[in-house]
Amino acid sequence: MEDQTKPKLKSIFLPFLSTSHIIPLVDMARLFALHGVDVTIISTKYNSTIFQNSINLDASRGRSIRTHIIDFPAEKVGIPAGIEAFNVNTPKEMIPKIYMGLYILQPDIEKLFETLQPDFIVTDMFFPWSADVAKKLGIPRIMFHGASYLARSAAHSVEVYRPHLKAESDTDKFVIPDLPDELEMTRLQLPDWLRSPNQYAELMKVIKESEKKSFGSVFNSFYKLESEYYDHYKKVMGTKSWGLGPVSLWANQDDSDKAARGYARKEEGAKEEGWLKWLNSKPDGSVLYVSFGSMNKFPYSQLVEIAHALENSGHNFIWVVRKNEENEEGGVFLEEFEKKMKESGKGYLIWGWAPQLLILENHAIGGLVSHCGWNTVVESVNVGLPTVTWPLFAEHFFNEKLVVDVLKIGVPVGAKEWRNWNEFGSEVVKREDIGNAIRLMMEGGEEEVAMRKRVKELSVEAKKAIKVGGSSYNNMVELIQELRSIKLAKV
Ligand code: UDP
């Protein structure tokens with residue numbers, strides 16, 4: 001891939017402190033290294049354990065990539081060592097302290113940008129200040145979005161046109177204006193900061209401004225997945241943007257890469273590999289993969305509904321599940337459920353963290369039940385599998401629109417209410433609703449066949465996008481060329 005006759009570009013990647021922002025941005029950084037760019041990823045010690053195995057693998061393949069560890073100021077902000085990320089295990093009271101730690105770290109990171117002298121930086125959207133620092137240093141800053149083009153476009157339309165204010169009630173549907181499709185939502189399904197502006201809305205404004213000051217933005221997406229929204233987003237924002245996905249498919253071609261991904265999280269959860277033997281004993285396409293990402297925990301009442309729905313569905317399933325420590329009864333229920341499922345052979349529970357890429361590509365998996373986290377949406381498309389959509393927080397409800405209404409590759413469970421990632425909310429989706437959606441996805445007759453055909457076609461497009469001449473491949477080559485011209489112009 002590398003052209004030895006051209007000067008090597010030096011880059012710094014700065015991921016945010018949450019698992020699902022770290023994973024795709026690190027995959028992206030590894031792709032830049034694959035294309036001959038020198039890459040340094042700045043991370044804290046604990047967060048780096050999520051991806052260090054992948055970096056070691058790439059370095060052993062001769063790629064110019066490394067991690068630069070910075071110490072998280074845990075003591076200064078008064079939190080125990082090792083709590084450096086926003087994920088499912090982050091205690092609520094620690095959240096402002098982690099933000100404070102990041103604030104304290106900012107000058108150190110700025111200094112690193114100065115001393116390491118990169119030709120460009122790629123930083124997470126949650127580091128808007130890095131646009132100004134890049135300007136000061138006279139280098140391009142590229143902003144990484146952890147979401148879809150559709151979600152960012154929809155959020156922009158809601159911010160500008162405020163259509164939800166005209167809805168008669170919280171459950172009345174309104175159309176999101178100025179989008180390529182007529183997408184309907186209710187007020188309750190909108191993130192709180194879009195319903196009525198709060199501190200987070202202020203942050204999102206700052207982020208948007210910083211995007212305008214940046215060289216452009218990059219997404220884990222590919223053209224055929226959301227082409228109209230890709231074009232729309234660039235038009236309304238007036239910024240440059242490149243879809244470089246599916247990054248997981250592109251960066252993790254070997255089983256060793258897939259297994260290394262999120263390794264530290266695996267240590268916290270599924271330690272044994274029994275799932276593989278179990279899956280391999282099941283017929284093709286017969287197993288549901290049920291997972292709600294890296295940040296979610298359900299209350300006991302919801303776990304019970306899911307367990308019954310899965311058992312009653314009659315389908316085999318792998319369920320990535322987390323206990324809610326505040327409720328012992330829930331833990332006991334889940335353990336008994338696991339025992340029962342082991343005996344019947346119908347279900348396999350993975351505690352905490354699952355090797356999602358490896359599981360999804362197993363022949364036995366026939367569909368997902370998922371929260372519509374953007375990375376999982378892309379990963380489901382990669383393997384050509386439909387999804388029962390169960391949006392929870394962040395921009396999940398927008399992603400559901402893409403999956404169900406635009407691409408028609410999913411069946412909604414009927415979730416009605418957005419909530420914060422670290423809250424339970426008031427909605428409990430009933431076992432009948434979960435069961436109905438599963439039935440439509442797994443036994444839906446003609447509609448199911450058509451849905452599976454569509455998602456299989458998209459899977460082919462995903463693979464094409466990252467091959468020589470594909471849309472993401474071309475984007476990557478063009479972007480690197482542009483960055484190289486900027487460096488050469490300076491010289
Ligand atoms: N993931 C995984 N194992 C798990 C949970 C998540 O490998 O048990 C990975 C998954 O493959 C995806 C990311 O973590 O790449 C989760 O990102 P997503 O956007 O789907 O959801 P979020 O974690 O933001 O809710």
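Up top you'll find the structure we're talking about.
Residues numbered from 1 in each chain as written. Predicted model: local features only at pLDDT ≥ 70, side-chain atom pairs only at ≥ 80, totals over all residues. Heavy atoms only, no water.

A. Region of interest: the overall build of the protein. Secondary structure summary: the protein contains 22 helices and 15 strands in total. The globule rule puts the C-alpha radius of gyration for 491 residues at 23 Å, and the 22 Å found for the protein is close to it. With respect to the principal axes defined by its C-alpha atoms, the protein has extents near 65 × 55 × 50 Å. Considering the protein as a whole, with its 491 residues, one finds that 60% of them fall into the buried category. Considering only intrachain contacts with a sequence separation of at least 6, the fraction spanning at least 24 residues in the protein is 72%. When the accessible surface of the protein is split by element, carbon and sulfur atoms take 52% of a total near 20,200 Å². For the protein, the distance from the average position of its 60 positive side-chain charges to the average position of its 66 negative side-chain charges is 4 Å. (Helix = DSSP H or I, 4+ residues; strand = E, 2+ residues; numbered from the N terminus. Rg over C-alpha atoms; globule rule 2.2 N^0.38 Å. Buried < 20%, exposed > 50% of the residue type's maximum accessible area, 1.4 Å probe, protein only. Contact = heavy atoms within 4.5 Å. Areas by Shrake-Rupley, 256 points an atom, 1.4 Å probe, with all protein chains shown as cover. Lys, Arg positive; Asp, Glu negative; His and termini not counted. Charge placed at Lys NZ, Arg CZ, Asp CG, Glu CD.)

B. Region of the structure containing the pairing of strand β2 (residues 38-44). Most of β2 is tucked away, with 7 of its 7 residues classed as buried. Burial along β2 is two-sided: Asp38, Thr40, Ile42 and Thr44 and Val39, Ile41 and Ser43, pointing in opposite directions, are all buried. Pairing between strand β1 (residues 10-14) and β2: 4 bridges, direction parallel. If you follow Ser11 over to β2, its bridge partner there is Val39. Pairing analysis gives 6 bridges linking β2 to strand β3 (residues 65-70), with the strands arranged parallel. (Pairing = 2+ DSSP bridges.)

C. Representation of the site of the ligand within the structure. Taken together, 15 residues are adjacent to the ligand, and Ser20, Ser294, Ala354, Thr376 and Glu379 come closest. One of the side-chain nitrogen or oxygen atoms of Ser20 is found 2.5 Å away from an oxygen atom of the ligand. For the ligand, whose unbound accessible area comes to 530 Å², protein coverage reaches 96%. Those elements giving two or more residues to the shell around the ligand turn out to be α1 (19-34) and α18 (374-382). No other element matches α18, which puts 4 residues into the shell around the ligand. Its residues placed into classes, the shell around the ligand shows 5 nonpolar, 8 polar and 2 charged. (Near = heavy atom within 4 Å. Polar contact = N/O pair within 3.5 Å; in protein donor to acceptor, adjacent residues only side chain to side chain. Nonpolar A, V, L, I, M, F, W, Y, C, P; charged D, E, K, R; others polar.)

D. Molecular detail of the packing of aromatic side chains. Taken as a whole and assessed by the stated rule, the structure comprises 25 aromatic pairs. The interplanar angle of 35 degrees and the centroid separation of 6.3 Å between the aromatic rings of Trp250 and Tyr473 together place this pair among those described as tilted. Here Tyr473 lies in helix α22 (residues 471-490) and Trp250 lies in helix α11 (residues 247-251), a separation of 223 residues in the sequence. For Tyr473, a relative accessible area of 15% puts it in the buried group. (Phe/Tyr/Trp six-rings, centres within 6.5 Å; stacked < 30°, edge-to-face > 60°.)

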